[in-house]
Amino acid sequence: PVDCPTGEPPADGVLKPVEVDMGDLTDAFMGAAALMAVAPGTSKIYGIANQRVKECNRIAVMREELGKCGVVCTELPDGLVINGVDAKTLHGADIKCYNDHRIAMSFAVLGCKVPGINILEKHCVEKTYPQFWDDLKNIMGVAVGAPASATTRTGKRGLENGDAPSAKKARTGSSVDTVVLIGMRGAGKTGLGREAAGVLGRKFLDLDHAFEAKHGPIMDFVKAKGWDAFRVAEAQVLQESVKAHPKGHIIACGGGIVETEAGRTELKKLKQVVEVRRNIDDVCKYLKSDKSRPYLGEEPDLIFKRRDPLYIQCSQYQFNVPKGTTDWKPVHKELVGLLKRLEGGAQIVDPSKPSYFLSLSFPNYAAQAELIPKIVTGSHAIEARIDLLESQDKEFIAAQISALRRVSDLPIVYTVRSIGQAGKFPEDEAKMFDLLHYGVRLGCEFVDMETCWSCQARDKLLANKGSSKIISSFHDPMGCCSWPEMKMQFEEGSQKGKADIVKVVGMATKIEDVFALRQVVSELELSQPVIALCMGEAGKLSRVLNTYLTPVTHPALPMKAAPGQLSVSEIHQIRHSIGLLPKKNFYLFGSPISQSMSPTIHNTGFGVLGLPHVYSLSESPDPEHVRKVLQDPNFGGSSVTIPHKQNVQPMLQSLSPSAQAIGAVNTIIPQADGTLHGDNTDWLAMRTLITQTLAASNRKAEVGIVLGAGGTARAAMYTLQQLSLSKYYIFNRTLEKAQQLANEFGGTAITSLDGIKDLDVIIGTIPADAQSAYPKELFNKKPVAVDLAYRPRRTPLLKQATAAGCETVEGIALLIEQGLFQFQIWTGCIAPREEIAAAVYGAYKD
């Protein structure tokens, strides 16, 4: 028996972050990490270095799997930093346990608080605690059930009891809260909802169809019983539908669901109601051509005027369909993005790494659609300065946020800066917070809230922040506050731990002011990330020293959003000159590599962002050559190609789960403790470009195939496995090699392409000069065709796919994409995609 300390639970029911040395109980760190994930603030576990060499690299796996749920973790040489959050902001995910019972049990603990946790290898607990799941259910009272297509005892889906191998993965969409769409008839709810459901792996339900399934045709019902009776019955159908489908659905309601108190009551009970708002002139135009529904008895613009406040009252979020929309593809993509954010899938800006946001000072973003993607280079987010727009009308603001979503996938920082805080917006609290709540309603990832306003107004926004993170900010543009007073502003900005980020900006008249600010920051004891800056020319150094979400400018902007702002490139150059950003050497290991485009990719990125690093070729077939170069004291990282993707692994101290599964390393990353970590970005590039290509045509993938079973086929098979396809094949002339990969990654091994059709994804791994014509049936469903070979650019496979009307992904595009992932892993900076692509295509020769 062991005497364990006990204590009373926290009075407020919220776990508190801790730092703990678990050197005496290392095997228990995973359970502690699961608890820390829902303890708002920064927790740290150390003393557990031995956990990297257990059933798997447990530290790396916990970081990666917690990240799937929305928890940002950072690895330490001997531990893990967990940035805990409120459990309500987390989301379910498919958890890969690597046959490790302790990982499975730890995420079972997290699943007690976070719905939708799917343990993919439930049988791994049998070696230590075979009745674990039964006890969890019967003793602890936790709901435990098998998700669709549950994993078998082998750890591979569909490989038990003679099932056909398919490796279908339970979709995360089935475990998230149902979203209900409301809005005027003709706004696009049904079309948008159906497409989004397909992309997100949810099920779609049209409430009108549900009504007719129960009561018969709507027009007949209205003629027989009238509109009032229809509205009552409609509200009842909504109640029944939500009760029957609380998870994993998108439900589109009729436009009049808000007309009755019963309908409004049902909607207000729900967590995720989105109003689909389309310009009323566009709605009227559409309805004139729609004869499928009875005439409402009054004009649509009058109906909208009456319903408008009711839609707002009954929904937490608004999705804007831009005026005059004729091309719905980008609108579909934008809605998918919003729903992903509501699921908890917003991009996370890691507070442990340097990051920036570009402060836009344009009066109209839509007018700068071509320029904005170029000037956000190197930034991790975009600040929409609402106070600097030409209008603060909500319809105009919604259109501007939509314009940003069309041209960039970066998170949006929604800021309404008041005059007293160095902005342009009037000192009117009611109007200010009306617009801030509107930023939450639009689904912006970050909303800036000034601390100069009343506690009541701030608390209300914090309590209703939805999926947004609140930046609690204070600005002293006149330099009125002493530095002790500025320290109090940081504490005020914390909002007793309720704010997500604390931002305090002073005014510097001399360099000593910057040092005073940094001294204040060093004395803080806050759990939240901090942004600490000084405005003015003398304050520029503070922008160099701040590392989290530093506001930056760009020469193409009409004005700086604040005095003293620098560009990303300028900050990097100054950091290098004062010794904060030393030059690093990066390499490509392999042979032959003289024609590689990797130096073009990385050196272009370094140059654009003002980074001092150099990337060069290190050609040799000898592994000992690689070992020597890895000892370079200025080694920053390396790419790896044949023949070293396998033989470099013994030189590394850790591997990512994907590199372990694929059995190949293409990226080496030095760690803070001097160890080397191996990763694989080839599969990330494939998954990203396939997903983007499918999304552009509003398609989801169900069936795929890999052509060839050579070395690169492993990453291709892993990609199809991670795409959650219902069925996939691997084709090779020799069955043995194909069967080996199918045994590892799931799927069906075949030696003939006869009868293979209805494909959504084709990945070719066969060298271009060994390819021959493929059966036409392979392309009958217009699959996305990907070829890993990139010389020539248009391989026989891609030419045949293009002739059949398919979308294609070239090998050179994959090369660029995997390089962009490497660049961000090594530098922490988002790579300048456009500049790199232009340089590569300009230098590329077939």
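Data block above holds the structure.
A brief structural summary.

Cut-offs applied
- Residue numbers here run from 1 along each chain, matching the order of that chain's written sequence.
- Only residues with pLDDT of 70 or above have their local features reported here, since the model is predicted, and side-chain atom pairs are shown and tallied only from 80 upward, although totals for entire chains, interfaces and linings are computed over all residues.
- Where side-chain values are given, they derive from all heavy atoms of the structure, hydrogens and water being excluded.
- A helix here means a DSSP run of H or I that spans at least four residues, while a strand means a run of E at least two residues long, and both kinds are numbered starting from the N terminus.
- The globule rule used here is 2.2 Å times the number of residues to the 0.38 power, and the radius of gyration it is set against is calculated over C-alpha atoms.
- The cut-offs for exposure are 20% and 50% of the maximum accessible area for each residue type, with area from a 1.4 Å probe on protein chains only; residues under the lower value are buried, those over the upper are exposed, and the others partly exposed.
- Any two residues whose heavy atoms approach within 4.5 Å are treated as being in contact.
- Surface exposure here means Shrake-Rupley accessible area, sampled with a 1.4 Å probe, where a residue is shielded only by the protein chains that are shown.
- A pocket here means an open set of points on a 1 Å grid, computed over the protein atoms alone, that has protein on both sides within 12 Å along at least five of seven lines. A cavity is instead a set of points where a 1.4 Å probe fits but cannot get out; residues with an atom within 4 Å of a point line either one.
- Grid points are joined across faces, edges and corners, and a volume is the space filled by probe spheres set on the points.
- Just so you know the grouping, Ala, Val, Leu, Ile, Met, Phe, Trp, Tyr, Cys and Pro go in nonpolar, Asp, Glu, Lys and Arg go in charged, and all remaining residues, Gly too, go in polar.
- Strands are treated as partners if at least two bridges between them are detected by DSSP.
- When the strands point away from the viewer and the connection leading from the first strand across the helix to the second strand turns clockwise, the crossover is called right-handed.
- Take the buried residues of types Ala, Val, Leu, Ile, Met, Phe, Trp, Tyr and Cys, join any two whose side-chain atoms come within 4.5 Å, and each joined set is a nonpolar core.
- Salt-bridge detection follows one rule: a side-chain nitrogen of Lys or Arg within 4 Å of a carboxyl oxygen of Asp or Glu.
- Angles shown run from 0 to 180 degrees and are taken between the N-to-C directions of axes, each axis being a line fitted to C-alpha atoms and, for helices, limited to the stretch in contact.
- In this scheme, roughly parallel covers angles under 35 degrees and roughly antiparallel covers those over 145, while 65 to 115 is roughly perpendicular and the rest are oblique.
- A crossing counts as left-handed when the near helix is turned anticlockwise from the far one by less than a right angle, and as right-handed when that turn is clockwise.
- Here a polar contact is taken to be a pair of N or O atoms separated by no more than 3.5 Å, where protein atoms must pair a possible hydrogen donor with a possible acceptor and residues adjacent in sequence count only if both atoms sit in side chains.

Quick look at the overall build of the chain
- Scanning the chain for helices and strands turns up 29 helices and 31 strands.
- Taken against the 2.2 N^0.38 rule, which gives 28 Å for 846 residues, the C-alpha radius of gyration of the chain at 28 Å falls within 12% of a compact globule.
- Taken over the C-alpha atoms alone, the chain extends approximately 80 × 75 × 70 Å along its principal axes.
- Scored against the burial criterion, the 846 residues of the chain give a buried share of 56%.
- Taking contacts inside the chain between residues at least 6 apart in sequence as the whole, the part at least 24 apart equals 68%.
- For the chain, the accessible area works out to roughly 35,700 Å², and carbon and sulfur atoms hold 53% of it.

Re empty space enclosed by the protein
- Inspection of the entire model under this criterion finds four cavities of 30 Å³ or more.
- For the largest cavity, the calculated volume is near 150 Å³.
- What lines the largest cavity is a set of 17 residues, and nearest its centre among them are Arg385, His475, Lys503, Ala562 and Gln565.
- For the lining of the largest cavity, the secondary structure elements donating two or more residues are strand S12 (356-360), strand S13 (381-385), strand S17 (501-507) and strand S18 (530-535).
- A breakdown of the residues in the lining of the largest cavity according to their chemical character gives eight nonpolar, four polar and five charged.
- As a volume, the second largest cavity reaches approximately 110 Å³.
- As for the second largest cavity, its lining consists of Gln318, Phe319, Asn320, Glu334, Leu338, Arg341, Ala398, Ile401, Ser402, Arg405 and Leu442.

Digging into the pairing of strand S27 (residues 727-731)
- Burial runs high along S27: four of the five residues are buried.
- With five bridges connecting them, strand S26 (residues 703-707) and S27 associate as parallel partners. Looking at S27, one finds that valine 703 is bridged to lysine 727.
- Summarising the sheet, S27 and strand S28 (residues 748-750) pair through three bridges and their orientation is parallel. Across the sheet, the residue bridging to phenylalanine 731 is isoleucine 750, located in S28.
- As a crossover connection, the stretch from S27 through helix H26 (residues 735-745) into S28 is right-handed.

A short note on the nonpolar core
- Among the nonpolar cores identified, the biggest contains 67 residues, and Leu360, Tyr365, Ile397, Tyr414 and Leu436 are the most heavily contacted of them.
- With residues near it in sequence (within four places) discarded, tyrosine 365 still touches Leu360, Ile372, Glu383, Ala384, Arg385, Leu389, Gln400, Ala403 and Leu404.
- Counting residues in hydrophobic clusters, the runner-up holds 43 residues, among them Ala34, Met36, Cys56 and Ile59.

Points about unusual backbone geometry
- Looking along the chain, the bond that leaves isoleucine 642 and enters proline 643 is cis, with omega of 10°.
- Tracing the chain through its elements places proline 643 in the loop between strand S22 (635-640) and helix H22 (644-647).
- Put simply, arginine 791 and proline 792 share a cis peptide bond, and its omega is 0°.
- Checked against the element boundaries, proline 792 lands in the loop between strand S30 (784-787) and helix H27 (796-803).
- The phi dihedral of serine 724 is positive, around 60°, even though this residue is not glycine.
- Structurally, the position occupied by serine 724 is in the loop between helix H25 (713-722) and S27.

Describing helix H2 (residues 58-68)
- Where H2 is concerned, the buried positions are Arg58, Ile59, Ala60, Val61, Met62, Glu65 and Leu66.
- For H2, the elements touching its buried residues are helix H1 (29-36), strand S3 (72-76), strand S4 (79-84), strand S5 (93-95), helix H3 (101-111) and helix H23 (657-662).
- Where H2 terminates, the next one or two residues include glycine 70, which has phi positive at roughly 105°.

A word on the pattern of salt bridges
- Per the counting criterion, the structure on display carries 39 salt bridges.
- Measuring nitrogen to oxygen at the nearest pair gives 3.0 Å for the salt bridge that ties glutamate 445 to arginine 405. Of this pair, glutamate 445 sits in the loop between helix H14 (429-441) and strand S15 (446-450) while arginine 405 sits in helix H13 (residues 394-407), and the two are 40 residues apart along the sequence. Across the pair, arginine 405 and glutamate 445 agree in class, each one buried.
- Taking the shortest distance from any N to any O, the salt bridge between glutamate 744 and arginine 714 comes out at 2.8 Å. In this pair, glutamate 744 is assigned in helix H26 and arginine 714 in helix H25, connecting sequence segments 30 residues apart.
- Overall, the relative accessible area of 18% leaves arginine 714 in the buried class.

A short note on the pairing of strand S16 (residues 469-475)
- Most of S16 sits out of view: six of its seven residues are buried.
- Direction of pairing for S15 relative to S16: parallel, over a ladder of five bridges. Pairing of glutamate 450 across the sheet is with serine 473, part of S16.
- Where the polypeptide runs from S15 across helix H15 (residues 455-463) and back to S16, its parallel neighbour, the crossover connection is right-handed.
- Of the pairings in the sheet, the one linking S16 to S17 comprises five bridges and is parallel in character. Bridging across to S17, phenylalanine 474 finds its partner in valine 504.
- Following the backbone out of S16, through helix H16 (residues 483-493) and into the adjacent parallel S17, one traces a crossover that is right-handed.

What about the sheet that holds strand S29 (residues 761-764)?
- Strand order across the open sheet formed by six strands is S28-S27-S26-S29-S30-S31, with parallel pairing between neighbours. The two strands at the open ends of the sheet, each matched to only one other strand, are S28 and strand S31 (808-809).
- Sheet topology note: the S26/S29 ladder contains four bridges and is parallel. Paired with isoleucine 705 across the two strands is isoleucine 762, which belongs to S29.
- Packed on one face of the sheet, H25 meets S26, S27 and S29 and runs near 175° to S26.

What to know about the packing of helix H24 (residues 682-696) against H25
- It is the contact of H24 with H25, at a shortest axis distance of 9 Å, that shows an interaxial angle of 50°. It follows that H24 is oblique to H25 by the angle criterion. The chirality of how H24 crosses H25 is right-handed. Between H24 and H25, the contacting residues are Asp682, Trp683, Met686, Arg687 and Ile690 on the first element and Ala715, Ala716, Tyr718, Thr719 and Gln722 on the second.
- In terms of residue class, the contact of H24 with H25 is built from six nonpolar, two polar and two charged.

Overview of the side chain of aspartate 448
- Mapped onto the elements, aspartate 448 comes out in strand S15.
- Separated by 2.7 Å, the side chains of aspartate 448 and serine 473 make a polar contact.
- When near neighbours in sequence (up to four residues on either side) are disregarded, aspartate 448 contacts Tyr414, Thr415, Arg417, Leu436, Ile471, Ser473 and Lys503.

A short note on the environment of histidine 91
- If you trace the backbone, histidine 91 turns up in the loop between S4 and S5.
- Using a relative accessible area of 12% as the deciding quantity, one classes histidine 91 as buried.
- In the structure, histidine 91 is positioned 253 residues away from glycine 344 in sequence and 5.7 Å away in space, judged by C-alpha atoms.

Brief notes about the sheet that holds strand S8 (residues 203-206)
- As summarised here, the arrangement of the five strands in space is S8-S9-S7-S10-S11, forming an open sheet in which the pairing is parallel. Looking at which strands have only one partner, the edges of the open sheet turn out to be S8 and strand S11 (317-321). Neighbouring strand axes in the sheet, compared pairwise and without regard to direction, differ in orientation by 25° on average.
- Pairing analysis gives three bridges linking strand S7 (residues 179-182) to strand S10 (residues 273-278), with the strands arranged parallel. By the bridge assignment for S10, valine 180 is matched with valine 273.
- Across the sheet, helix H10 (residues 300-313) lies against S7 and S10, angled at about 150° from S10, the strand it touches most.

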